[in-house]
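# Fold and geometry: a report
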Amino acid sequence: MQRWRGLEDIPQDWGRSVVTIGSYDGVHRGHQLIIRHAVDRARALGVPAVVVTFDPHPSEVVRPGSHPPLLAPHHRRAELMAGLGVDAVLILPFTTEFSKLSAADFVVKVLVDKLHAKAVVEGPNFRFGHRAAGNVEFLAEQGRVYDFDVEVVDLYVTGEAGGGEPFSSTLTRRLVAEGAVEGAAEILGRPHRVEGVVVRGAQRGRDLGFPTANVETLPHTAIPADGVYAGWLHAQGEAMPAAISVGTNPQFDGTERTVEAYAIDRVGLDLYGLHVAVDFLAFVRGQAKFDTLEALLEQMAADVERCKELVAAAEKA
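Just so we're clear, the structure is a prediction, and the values are computed from it rather than from any experiment.

## Quick look at the overall build of the protein
Looking only at helices and strands, the protein has 10 helices and 12 strands in total. On the principal axes, the C-alpha backbone points of the protein span a range of 75 × 40 × 35 Å. By the burial criterion, 48% of the 317 residues in the protein qualify as buried. Partitioning the contacts of the protein with sequence separation of at least 6, the portion at a separation of at least 24 is 72%. Carbon and sulfur atoms form 50% of the exposed surface of the protein, whose accessible area is close to 15000 Å². In the protein, the 31 positive side-chain charges and the 42 negative ones have mean positions that sit 3 Å from each other.

Below, the structure is given as structure tokens:
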């Protein structure tokens, strides 16, 4: 899959294509419906499927300080999109100048002049251009002028997550923030993932017999609520069952919020400096401070056993 950053990266000889535009944070099951439709349409027309997205999130430019927690960084979104059959991803730098581009100019500069759109696939509430003035009706009008079709796909899937609310990135972020990672996984179609580089922490886990990978998460990452979780630590091409701790480590009067993963029953792992990923399978318990170190160690051992059981059950399912 090709990855372009900015319009200038698009090959000059690029031909017609099927395009879909959006932030697509998380590439959740609703997003997947739109992207799969775009890919299917592209295959039927014999042209490539292109996803257009933005960096940073448009809200950060339009309303500074409002950047939402991200469910997936751009490289992860690209991996997921490639898995859906997308041929190219175009990341447009979202600047103040770009935010002032009218909907009509966006159509010409991006869809017509650069991507030579043959069809554009979007959700029903898609908005674009300066002050979000463009919608799917306007896009369809432009399509008649510039010879591209517009197809609208209903992305609203519902399930048990969020009490039956339609699946969305907003709902997923809320569930992650609440620690409801199983509900988030229902929406995403996979466990919620946090990524970053392993850095040296206080190394208390090593001293206590549970050495953890202290993950320095990427900026704006959506991090689950404080507590203990079962899941997996992905490192060096391996997915290792893990007990994951999120929080400030109140037992030792910590103040900095961290994500730490203990690879269950693994000895001698040296992951410092490596980029790793942590998948959250299930919430085990909330963060707590214990009366004695012995009580903490007893609880940690119980947590590890519970995490081992949960991961084993998930891997058998």
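## Here we look at the sheet that holds strand 11 (residues 258–263)
Taken in spatial order, the six strands close into a barrel running 7-8-11-10-9-12, and their pairing is antiparallel. Recorded for the sheet is a direction-independent mean angle of 45° between the axes of neighbouring strands. As judged from the seven bridges shared by strand 9 (residues 227–235) and strand 12 (residues 275–285), these two strands associate in the antiparallel manner. If you follow Gly231 over to strand 12, its bridge partner there is Phe280. Its contacts with the sheet place helix 10 (residues 293–316) against strand 9, strand 10 (238–247), strand 11 and strand 12, and it is angled at close to 100° to strand 12.

## So, the UniProt feature "coiled-coil region" (unreviewed entry) in the protein
UniProt records the feature "coiled-coil region" (unreviewed entry) at residues 290–317, using the numbering of this structure. Strand forms 0% of residues 290–317 and helix 86%; the C-alpha atoms that close the span are 35 Å apart.

## Some remarks on the pattern of salt bridges
Tallied over the entire structure, the rule returns 17 salt bridges. A salt bridge links Glu79 to Arg76; the shortest N-O distance between them is 3.4 Å. One end of the pair, Glu79, and the other, Arg76, are both in helix 3 (residues 74–83), three residues apart, so they sit about a helical turn from each other. Looking at Arg76, the relative accessible area reads 13%, which means it is buried.

## Details of unusual backbone geometry
Cis rather than trans, the peptide bond between Asp55 and Pro56 has omega equal to 0°. Summarising the element assignment, Pro56 is placed in the loop between strand 3 (49–55) and helix 2 (58–62). One non-glycine residue, His116, lies in the positive phi region at around 50°. Relative to the elements of secondary structure, His116 occurs in the loop between helix 5 (103–112) and strand 5 (117–122). Classification of His116 as partly exposed rests on a relative accessible area of 27%. One non-glycine residue, Asp265, lies in the positive phi region at around 65°. The topology assignment puts Asp265 in the loop between strand 11 and strand 12. For Asp265, a relative accessible area of 54% gives the class exposed.

## Structural notes on helix 10
End to end, helix 10 covers 35 Å across 24 residues, agreeing with the expected 34 Å (1.5 Å per residue, within 8%). Of the residues making up helix 10, those classed as buried are Leu296, Met300, Asp303, Val304, Cys307, Leu310 and Val311.

## Considerations on the sheet that holds strand 5
The strand order across the open sheet formed by six strands is 1-4-3-2-5-6, and the pairing between neighbours is parallel. Every interior strand has two partners, whereas the edge strands, strand 1 (2–5) and strand 6 (149–152), have only one. Adjacent strand axes in the sheet meet at a mean angle of 25°, parallel and antiparallel pairs treated alike. Bridging between strand 2 (residues 17–21) and strand 3 involves four bridges; their strand directions are parallel. By the bridge assignment, Val18 is partnered in strand 3 with Ala49.

## Side note on the domain arrangement of the protein
Looking at the protein, the domain boundaries give domain 1 (2–155) and domain 2 (192–315). The distance between the C-alpha centroids of domain 1 and domain 2 comes to 36 Å. Facing eight residues of domain 1, the contacting portion of domain 2 comprises eight residues. Here domain 1 and domain 2 share an interface that buries about 650 Å² over both sides, 54% of which is from carbon and sulfur atoms. By the criterion of area lost to domain 2, the three top residues of domain 1 are Leu70, Leu71 and Arg76, representing 51% of everything that side buries. For the pair domain 1 and domain 2, the interface holds zero salt bridges. Applying the counting criterion to the domain 1 and domain 2 interface returns three residue pairs in polar contact (both at pLDDT 80 or more). Across the side of domain 1 that touches domain 2, the residue classes tally to five nonpolar, two polar and one charged.

So, how was this worked out
- Residues numbered from 1 in each chain as written.
- Predicted model: local features only at pLDDT ≥ 70, side-chain atom pairs only at ≥ 80, totals over all residues.
- Heavy atoms only, no water.
- Helix = DSSP H or I, 4+ residues; strand = E, 2+ residues; numbered from the N terminus.
- Buried < 20%, exposed > 50% of the residue type's maximum accessible area, 1.4 Å probe, protein only.
- Contact = heavy atoms within 4.5 Å.
- Areas by Shrake-Rupley, 256 points an atom, 1.4 Å probe, with all protein chains shown as cover.
- Lys, Arg positive; Asp, Glu negative; His and termini not counted.
- Charge placed at Lys NZ, Arg CZ, Asp CG, Glu CD.
- Pairing = 2+ DSSP bridges.
- Axes fitted to C-alpha atoms, helices over the stretch in contact; angles between N-to-C directions.
- UniProt positions renumbered as here; feature names shortened; annotations may be inferred.
- Salt bridge = Lys/Arg side-chain N within 4 Å of Asp/Glu carboxyl O.
- Expected span 1.5 Å × (residues − 1).
- Domains from an automatic or database assignment.
- Buried area = accessible area lost by both parts, 1.4 Å probe.
- Polar contact = N/O pair within 3.5 Å; in protein donor to acceptor, adjacent residues only side chain to side chain.
- Nonpolar A, V, L, I, M, F, W, Y, C, P; charged D, E, K, R; others polar.

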